[in-house]
Amino acid sequence: MWLKTRMLLLVALLFGILYGVITGLGTWMGAGSALIYLILAFVFLGIQYLIGPSIVGWTMKIKWVSEKESPKLHRMIAELAEKAHLPKPKVGISQVPIPNAFAFGRTQRDGRVCVTQGILNLLSEDELKAVLGHEMSHIKHRDMAIITLLSAIPLILYWIALGTMFRGMLGGQRQGGMIVILIGMGAFVLYFITNLLVLYGSRIREYYADKGSVELGNKPHHLATALYKLVYGNARFKGRPELKQMEGVKAFFVNDPTRAWSEIKELSQIDLDMSGTIDSYELMELRNKTVKLSSADKMMEILSTHPNMLKRMKHLSSLMA
């Protein structure tokens, strides 16, 4: 409930900022100018909403598979969809070698759950089901649409900043050009702040989806082990072009593959018996410990789409019965 509340408060804050800026701009420059920015933003958002799934499908090289082609994957997703009281999503396998999974779509009825080729031979059935439960929870929570909507707010502020600064430079001192430039600079500051808030929202939704996977019947230590294995699997691609190509879509993944190399050392502290898995005992041990991050780790998390992995494991430990 607290995760959901934080997301709702974040939505209210971001739209409050946008409302304040548009209202102030309309008062200062005329309602017509402010309306243009809103119209452009909603046109862009509409286009993104319509073609977004196709872009993801093309970027991730997805092959949609039938039950005959991938019976185990279909069975697990069908079971999870039934538990979540959702229509069964479309099932796909991405030809990307980096092990991971992701979900996308416009609505719950348009949900699509995909795994990459690299994850299929990496995880056990319980671990894979826990990851698929995480992705199913994204669809159930409708957070893909929420993040898409929130992502438009920094974009609107960016346009406002550029437009007002350009208008100020053209206006000159007689027409209050310097004041308009200062308004534009303020909009740039708000653009930066709202970007950070959207990233924060993205991290909240990952915690929320982890909790959702457990609520669908998956064990926290199975999801923890899956994440642990994914970190190691992703780290093998450090410096390779495949990893760089995923930079623009990493927010869709169950974990951030670009941060995997830096996460290996801290996660090895949880695997007490060095078995390559995180069992219930090891996760319970983490539950009783305080997670302390360095200043660099805290800064890296602020600028990331996914939570710090050690904090995420700590959250999973709190979900154990």
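Structure's up top.
Report on the accompanying structure.

Calculation notes
- Residues numbered from 1 in each chain as written.
- Predicted model: local features only at pLDDT ≥ 70, side-chain atom pairs only at ≥ 80, totals over all residues.
- Heavy atoms only, no water.
- Salt bridge = Lys/Arg side-chain N within 4 Å of Asp/Glu carboxyl O.
- Helix = DSSP H or I, 4+ residues; strand = E, 2+ residues; numbered from the N terminus.
- Buried < 20%, exposed > 50% of the residue type's maximum accessible area, 1.4 Å probe, protein only.
- Pairing = 2+ DSSP bridges.

A word on the pattern of salt bridges
Reasoning step 1: Within the structure shown, the criterion is met by 17 salt bridges.
Reasoning step 2: Note that Arg205 and Asp143 form a salt bridge whose closest N and O atoms lie 2.9 Å from each other. One end of the pair, Arg205, is in helix α6 (residues 177-215); the other, Asp143, is in helix α5 (residues 143-171), with 62 residues separating them in the sequence. For the pair formed by Arg205 and Asp143, the shared burial category is buried.
Reasoning step 3: For Glu263, the salt bridge is made with Arg259, and the minimal N-O distance between the two is 4.0 Å. A single burial state applies to Glu263 and to Arg259, both of which are buried.
Reasoning step 4: If you follow the salt bridges from partner to partner, you end up with Asp143, Arg205, Glu206, Asp210 and Arg312 in one network.

Focus: the pairing of strand β3 (residues 101-104)
Reasoning step 1: Covered by surrounding structure in β3 are Ala101 and Ala103 together with Phe102 and Phe104, the residues of both alternating faces.
Reasoning step 2: As judged from the four bridges shared by β3 and strand β4 (residues 112-116), these two strands associate in the antiparallel manner. Note on β4: the bridge partner recorded for Ala103 is Val113.

Comments concerning the pairing of β4
Reasoning step 1: The buried fraction of β4 is high, at five of five residues.
Reasoning step 2: Alternating residues of β4 divide into Arg112, Cys114 and Thr116 and Val113 and Val115, and every residue in both groups is buried.
Reasoning step 3: Here strand β2 (residues 90-94) pairs with β4 via five bridges, running parallel. What sits directly across from Val91, in β4, is Val113.

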